[in-house]
Every structure is written in C-alpha cells, then in structure tokens.
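Listed below are the residues making up each chain.
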Amino acid sequence: MIRPRVAVIGLGSVGSMALWRLAARGVEAVGYERFSPGHDRSAHGGESRLFRTAYLEDPGYVPLLRRARELWQRLEAESGASLLRLTGMLMIGSAGSDDMANVFSSVERYGVDAETVPLHEARARWPQHAFREDDVIVLDREAGYLRPELSVLHAATRARERGAIVHRYTTVTALDVRDDGVRVRTGSGSERFDHAVVTAGPWAAKVLAGLAPYVSVRRPVSAWFPARTPELFAPERFPPFIRSTPTDCYGVPALDGSGVKLGLSEKDNRPVDDPDSLDRHVPIDEVDAFRKVAADYFPDLFADPIRVSAYMEGYTPDGHGLVGPAEGSGRVTVVAGLSGHGFKLAPALGDIAADYAVDGTSAHTLDLLDPGRYPG
Ligand SMILES: Cc1cc2nc3c(=O)[nH]c(=O)nc-3n(C[C@H](O)[C@H](O)[C@H](O)COP(=O)(O)OP(=O)(O)OC[C@H]3O[C@@H](n4cnc5c(N)ncnc54)[C@H](O)[C@@H]3O)c2cc1C
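Being a predicted model, the structure only gives us computed values, none of them experimental.

Engineer: Account for the overall build of the chain, with residues named and values stated.
Structural biologist: For the chain, the helix and strand inventory stands at eight helices and 23 strands. Its C-alpha atoms put the chain at 65 × 45 × 40 Å along the principal axes. Each of the 376 residues in the chain was classed as buried or not, and the buried ones make up 57%. When contacts within the chain are restricted to residue pairs at least 6 apart in sequence, long-range pairs at least 24 apart make up 74% of them. Working note: accessible area of the chain is about 15,000 Å², and carbon and sulfur atoms make up 49% of it. Measuring between centres, the 43 positive side-chain charges of the chain sit 4 Å from its 51 negative side-chain charges.

Engineer: Describe the site of the ligand, naming the residues involved and giving the relevant values.
Structural biologist: Taken together, the neighbourhood of the ligand is formed by 35 residues, with Ser13, Glu33, Ser42, Leu50 and Glu313 sitting nearest. Taking Arg34, its main chain carries an N or O atom lying 3.1 Å from a nitrogen atom of the ligand. For the ligand, an oxygen atom lies 2.7 Å from a polar atom in the backbone of Leu50. Looking at the shell around the ligand, the elements that each hand over two or more residues are α1 (13-24) and β3 (49-51).

Engineer: With reference to specific residues and values, describe the domain arrangement of the chain.
Structural biologist: Each assigned domain of the chain is listed with its residue range as follows: domain 1 (5-45 + 149-215 + 317-373) and domain 2 (86-144 + 221-310). For domain 1 and domain 2, the distance between their C-alpha centres works out to 30 Å. Between domain 1 and domain 2, the residue contacts involve seven residues of the former and five residues of the latter. Between domain 1 and domain 2, the buried area comes to about 500 Å², and carbon and sulfur atoms account for 34% of it. Area buried by domain 1 at its contact with domain 2 is led by Asp40, Trp203 and Lys206, which between them contribute 58% of it.

Engineer: Summarise the packing of aromatic side chains; cite the residues concerned and give the values.
Structural biologist: All chains considered together, the criterion is met by nine aromatic pairs. Between the aromatic rings of Tyr32 and Phe193, the centroid separation amounts to 6.3 Å while the plane-to-plane angle is 85°, which identifies the pairing as edge-to-face. Note that Tyr32 is positioned in strand β2 (residues 28-32) and Phe193 in strand β12 (residues 189-193), a separation of 161 residues in sequence. Accessibility classification places Tyr32 together with Phe193 in one group, the buried group. Pairing Phe238 with Phe241 gives two aromatic rings, centres 6.1 Å apart and planes at 65°, and the pair type is edge-to-face. Here Phe238 matches Phe241 in class, with each residue buried.

Engineer: Describe the sheet that holds β2, listing the residues and the values that go with them.
Structural biologist: Taken in spatial order, the six strands make up an open sheet running β9-β2-β1-β13-β23-β22, and their pairing is mixed. Edge strands, defined here as strands with exactly one partner in the open sheet, are β9 (165-167) and β22 (322-325). Going from strand to strand, the sheet's axes swing by 15° on average, the running direction of each strand aside. Note: β2 against β9, three bridges, orientation parallel. Note that in β9 the partner of Val30 across the bridge is Ile165. Helix-sheet contacts for α1 involve β1 (5-9), β2, β9, β13 (195-198) and β23 (332-336), and the interaxial angle to β1 is about 165°.

Engineer: Give me the nonpolar core: which residues, what numbers.
Structural biologist: Leu19, Leu22, Leu64, Trp72 and Leu349 are the most contacted members of the largest nonpolar core, which has 46 residues in total. At the level of elements, β1, α1, α2 (62-79), α5 (148-161) and α8 (346-359) are the ones that each hand at least two residues to this core. Top element by residues in this core is α8. It accounts for nine residues. With residues up to four places along the chain from it excluded, the contact list for Trp72 reads Met17, Phe51, Leu84, Leu146, Ser151, Phe343, Lys344, Ala346 and Pro347.

Engineer: Quick rundown of the sheet that holds strand β14 (residues 216-219)? Include the residues and the values.
Structural biologist: Strand pairing in a sheet relies on backbone hydrogen bonds, with the paired strands running either antiparallel or parallel. Spatial ordering of the open sheet is given by β19-β14-β21, a layout of three strands whose pairing is antiparallel. In this open sheet, the two strands that pair with only one neighbour each are β19 (270-271) and β21 (313-315). As defined by bridge partners, β14 adjoins β21 across three bridges and the pair is classed as antiparallel. Bridge pairing in β21 links Val217 to Gly314.

What counts, and at which threshold
Residues numbered from 1 in each chain as written. Predicted model: local features only at pLDDT ≥ 70, side-chain atom pairs only at ≥ 80, totals over all residues. Heavy atoms only, no water. Helix = DSSP H or I, 4+ residues; strand = E, 2+ residues; numbered from the N terminus. Buried < 20%, exposed > 50% of the residue type's maximum accessible area, 1.4 Å probe, protein only. Contact = heavy atoms within 4.5 Å. Areas by Shrake-Rupley, 256 points an atom, 1.4 Å probe, with all protein chains shown as cover. Lys, Arg positive; Asp, Glu negative; His and termini not counted. Charge placed at Lys NZ, Arg CZ, Asp CG, Glu CD. Near = heavy atom within 4 Å. Polar contact = N/O pair within 3.5 Å; in protein donor to acceptor, adjacent residues only side chain to side chain. Domains from an automatic or database assignment. Buried area = accessible area lost by both parts, 1.4 Å probe. Phe/Tyr/Trp six-rings, centres within 6.5 Å; stacked < 30°, edge-to-face > 60°. Pairing = 2+ DSSP bridges. Axes fitted to C-alpha atoms, helices over the stretch in contact; angles between N-to-C directions. Core = buried A, V, L, I, M, F, W, Y, C linked by side-chain atoms within 4.5 Å.

Laid out in structure tokens, this is it:
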C-alpha cells in the first residue's frame, strides 16, 4: 500500500497530536512550527487546561471526549509523562440554564459518571467556594486537568521518535494546492506533499484565507491567585470547576506551588486584529474583573493576582470547531476555530486529521464540526 507524504502546518495542540498519529500509522510526516513545540504564544499556554466529559457545550461531544481520553492515556503510556490527571470537576450553575441542561443530558444519554451534590453537602466538601443559595452542583468524575505545554512537547517528541520530521522556527508562508499535490512554502524554499493538515490555531486564516469569515481571533486571559491556606487548593482537595451563573468563570487548582488559576467568560475576550502582533499587556479594568471573581467566590484567596497572562484562540460563529476537508481537491484537511474548548480534544482531533490525510474520511468525527456547514 502506498502511504501519502503529509505536511502538518503548526505543531501546537492539535498539530503535534496529528504528527504523532500520522507517525503512528507509518506515514512520512513532516511538521512545521513557527516557534518551538510547547511554546506559550498561542492557544495552549498557561500550564493547565480543563478536561471534562459532562459537556455543557453539547452532549454530542461525549463519545469524542472519551476517545480523546483514551488517546491522552496512550500518549502518557508511550511518553512516560503525566499529562492528564482525573481529579473530577465541579460544574456549577442554575437549574434552568442551557449549560446545566447539557451537563444533565450528557449524564443521561451517555452514562457519564457524575453526581449531583446537594448544596449543604457541597459546602461541607468544598469550603473553598462561596456557593450561592440557587447553585446546582454536579461533580463530573470523568474530568480533571491537562498539562498543555508538556503535552505538545511530548506528542512532537513521540512523533519524531516514530520517524516524523519536525522543522522548528519555520513559518509556512504559502500553500499551493494543485491536482497532483500540495507545495508547502517557507522562507527557505518549498516542498511537495500528497496532503497538508492545517493546524495553525489563531493563524489559520493566514494559511487558508477562505477561513477568515469563520474564524475570529480573540485574546483570553488567565490570572493566578495565591491562597491564605494553600493546602486547601491542592488538586486532591480542590477539583477544577466551571461556574456558568451568575458569573461565567472557571478555575484550576494550584499546581507546582503556584496560585489557583482563574479564567473568565468567552465574551470577556478582546478581539485580536493580527495574531502576529498580540498585545499581551492586560489593562487594570480586565484585572479588576478577575479580582471581583476571586473576592466574590473564594474567601480564602488573596484578591490580587500574582500573575496575569494573555493568550489567543480562534472562534467560530457557532462555537464549534472546523474539522475536516478544507476545500474541493481533498488534499487539505483543516482543524481550526476550536472556540475556547479544543485542548481536551486535541489527540482525538489530531487522529481524525490523520484519518482524513490517509483514508480521506474518518469514523470518529462529529457532524457539528463539519467545515461544510459554512459556505465556501
Ligand atoms: C486561556 C485559554 C484557556 C483555555 N482553556 C481551555 C480548557 O480549559 N480546556 C480546553 O479543552 N480548551 C481550552 N482552551 C482552548 C484550547 O486551548 C484551544 O482550543 C487549543 O489550544 C487550540 O489548538 P490549536 O492547535 O488550534 O492552536 P495552537 O495550540 O495555538 O496551535 C497552533 C500552532 O500553529 C503554529 N503556527 C501558526 N501559523 C503557522 C505557520 N504559518 N507556520 C508554522 N507554524 C504555524 C503556532 O505557532 C502554534 O504552535 C483554552 C484556550 C485559552 C487561550
């Protein structure tokens, strides 16, 4: 059987995994990364990402999330690294919200291992939170947190160990798609491939201009808050959480002696005009929004962050990613616009991209991720 030669453009969250999954199939795979795998200048910086299965975005993701978990655990076994820690996670919101309806639907339809915890019991188990009288609290046991930079680094390393080539500090400047192949251009020349996988994250529309109407780049911010009683916020005592009402926010336990990481709602993320010139300065009014969350919901945290950092992400109009063939020739696969919730899915999406590159189809993808739902 003749295996195609495949280029992967962008070795971040999904690209590093796609390279690993292609190399695992014995394909000749070549990855291009404008920085070095594991850098913190795009969508995967900030030391931690939430992994959850009772999915507030849409219960239809549950099979893909379980597939992702299986592949995370495979990467851990192959690399010997600890990347996914399943501590459980709290989903907090009001009974009638769409988010909580999707959480309950995930549990009912797919039997996600989860428990609704009565308010008085939640207050006793997690005294770190200032729960509200109308809070509904679900403990998703198929959940925890990931280490993003390490994950990207280990996936790219495993890919190289399995024969892939990694070009670091090499920006792809153009893709020429022809009937007989794809030419990938960089500052030092061009190379021909049978197929290209575009996983350029916030830069996706710079590589494939047709994505521009559907992928807008925004700047999520993370802030780290120290605790007066640090042991209360260790991962074994303080599971990650998402609160959807009345304030939309999420948090990750203190890792490696750092503070608790908090993030705010997607609507607070400011637009980025050009991903090449992300402004990483976070003005005081943005910091104040974080201070309010810390003060309102976590009485034991100091309300002033010890660190604040800005990242980038591509968002689609409907909040679901674009995963699949990018245009008519069948020679380009895209994974982009993951809309603030794609890291946990990265190995499953990388594997789907590898399916498309090698077989032209994938049994694991979801209709709601089909790029064909948008014209052009
Ligand atoms: C602050 C923050 C918190 C988040 N929290 C969560 C969470 O808790 N759970 C979750 O599941 N998701 C979360 N997300 C979303 C998740 O991190 C993203 O969906 C995911 O990282 C996107 O992956 P990607 O591969 O599309 O982009 P990236 O990881 O950014 O990868 C793109 C790569 O392409 C490279 N590149 C771009 N252009 C070129 C080029 N022309 N040539 C060569 N290389 C190129 C870039 O340098 C980069 O390395 C969060 C995102 C942010 C920003």
